[in-house]
Amino acid sequence: MEKLSQTLVSKISMVQRRLESFLDNDFENKVEESENNAVLFEASRDLSLVRGISQGLPEDHIDRAIVVFSRLAMLFDSGVLLENHDGQWKAQASFHKGSTQLLKNNGKAIVKIPDMTLLSVLKTDSRAMLEKLQLQHLDPENKTTCLLIKASPDFAFILFSSFADLWLKDHIENVRRALINGFAD
């Protein structure tokens, strides 16, 4: 009986090692694939993706803002999700080249945003905004246009685009309409 147990344990260990090896290799491939995607990333102006921003959103306004923010990651080079804390807008998450990440508590910068109507779009200096947020890595070459959209009283999006003004104007208007559809209650 003991010999059977040892044989069984040995076979299970061998299967486990193979599985771990496969998962390690798969993880390495995914990291390489993710790095390659970041190098090859290009923000999309595809209208079907833009319209998809507002489809199937959750009822909860916090979840809605998070889902919309993650969808914006395919439409802009970079972005930052701001959350209102008694008039102080704190950076909660960012995306860059399609990859989204939460910002650590101690790194959350506070930004003042001007009084503005919901879902209007303001342009501002990218370099100054990124310095204020301490997120210069989102546009190291300073080649983007910075856009601010207040999606709700509690959430705002700072979006960075490298599109030329000619295409950016139509793109942001399409995105704004999709956001109106997504946040209109």
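Quick look at the overall build of the protein chain now. A count of helical and extended segments in the protein chain gives five helices and seven strands. The helix and strand sequence of the protein chain, counted from the amino end, reads α-α-α-β-β-β-β-β-α-β-β-α. Of all 185 residues assigned to the protein chain, the portion counted as buried reaches 36%. Taking all contacts inside the protein chain whose residues are at least 6 apart in sequence as the whole, residues at least 24 apart take part in 58%. Of the accessible surface of the protein chain, which amounts to about 11800 Å², a share of 51% is contributed by carbon and sulfur atoms.

Before going further, it helps to spend a moment on the pattern of salt bridges. Considering all chains together, one arrives at four salt bridges under this definition. For Glu 141, the salt bridge goes to Lys 143, with nearest N and O atoms at 3.5 Å. Among the salt bridges present, the one from Arg 177 reaches Glu 173, with a minimum N-O distance of 3.7 Å. Of the two residues, Arg 177 and Glu 173 both sit in helix H5 (residues 165-183), four residues apart, roughly one turn of that helix. Judged by its relative accessible area of 46%, Arg 177 falls in the partly exposed class.

Here we come to the pairing of strand E1 (residues 78-85). In this structure, E1 lies alongside strand E2 (residues 88-96), joined through eight bridges in antiparallel fashion. Bridged to Glu 83 within E2 is Lys 90. Hairpin remark: E1 followed by E2, antiparallel, with two residues in the connecting loop; positive phi at Asp 86, about 55°. When E1 meets strand E7 (residues 155-161), the two strands line up antiparallel, connected through six bridges. Within E7, the position partnered with Val 80 by the bridge is Ile 158.

Looking now at the pairing of E7. A regular strand places its side chains on the two faces of the sheet in alternate fashion. The element E7 is largely enclosed, with a buried count of seven among its seven residues. Side-chain alternation along E7 places Phe 155, Phe 157, Leu 159 and Ser 161 on one buried face and Ala 156, Ile 158 and Phe 160 on a second face that is also buried. As judged from the six bridges shared by strand E6 (residues 145-150) and E7, these two strands associate in the antiparallel manner. Opposite Leu 148, over in E7, you have Ile 158 as the bridge partner. Between the end of E6 and the start of E7, which pair antiparallel, lie four residues.

Within the secondary structure, Ser 78 sits in strand E1. Under the relative-accessibility criterion, Ser 78 is labelled buried at 0%. Setting aside chain neighbours within four positions, we find Ser 78 in contact with Phe 95, His 96, Leu 138, Ile 158, Leu 159 and Phe 160.

Quick notes on the rules
Residues numbered from 1 in each chain as written. Predicted model: local features only at pLDDT ≥ 70, side-chain atom pairs only at ≥ 80, totals over all residues. Heavy atoms only, no water. Helix = DSSP H or I, 4+ residues; strand = E, 2+ residues; numbered from the N terminus. Buried < 20%, exposed > 50% of the residue type's maximum accessible area, 1.4 Å probe, protein only. Contact = heavy atoms within 4.5 Å. Areas by Shrake-Rupley, 256 points an atom, 1.4 Å probe, with all protein chains shown as cover. Salt bridge = Lys/Arg side-chain N within 4 Å of Asp/Glu carboxyl O. Pairing = 2+ DSSP bridges.

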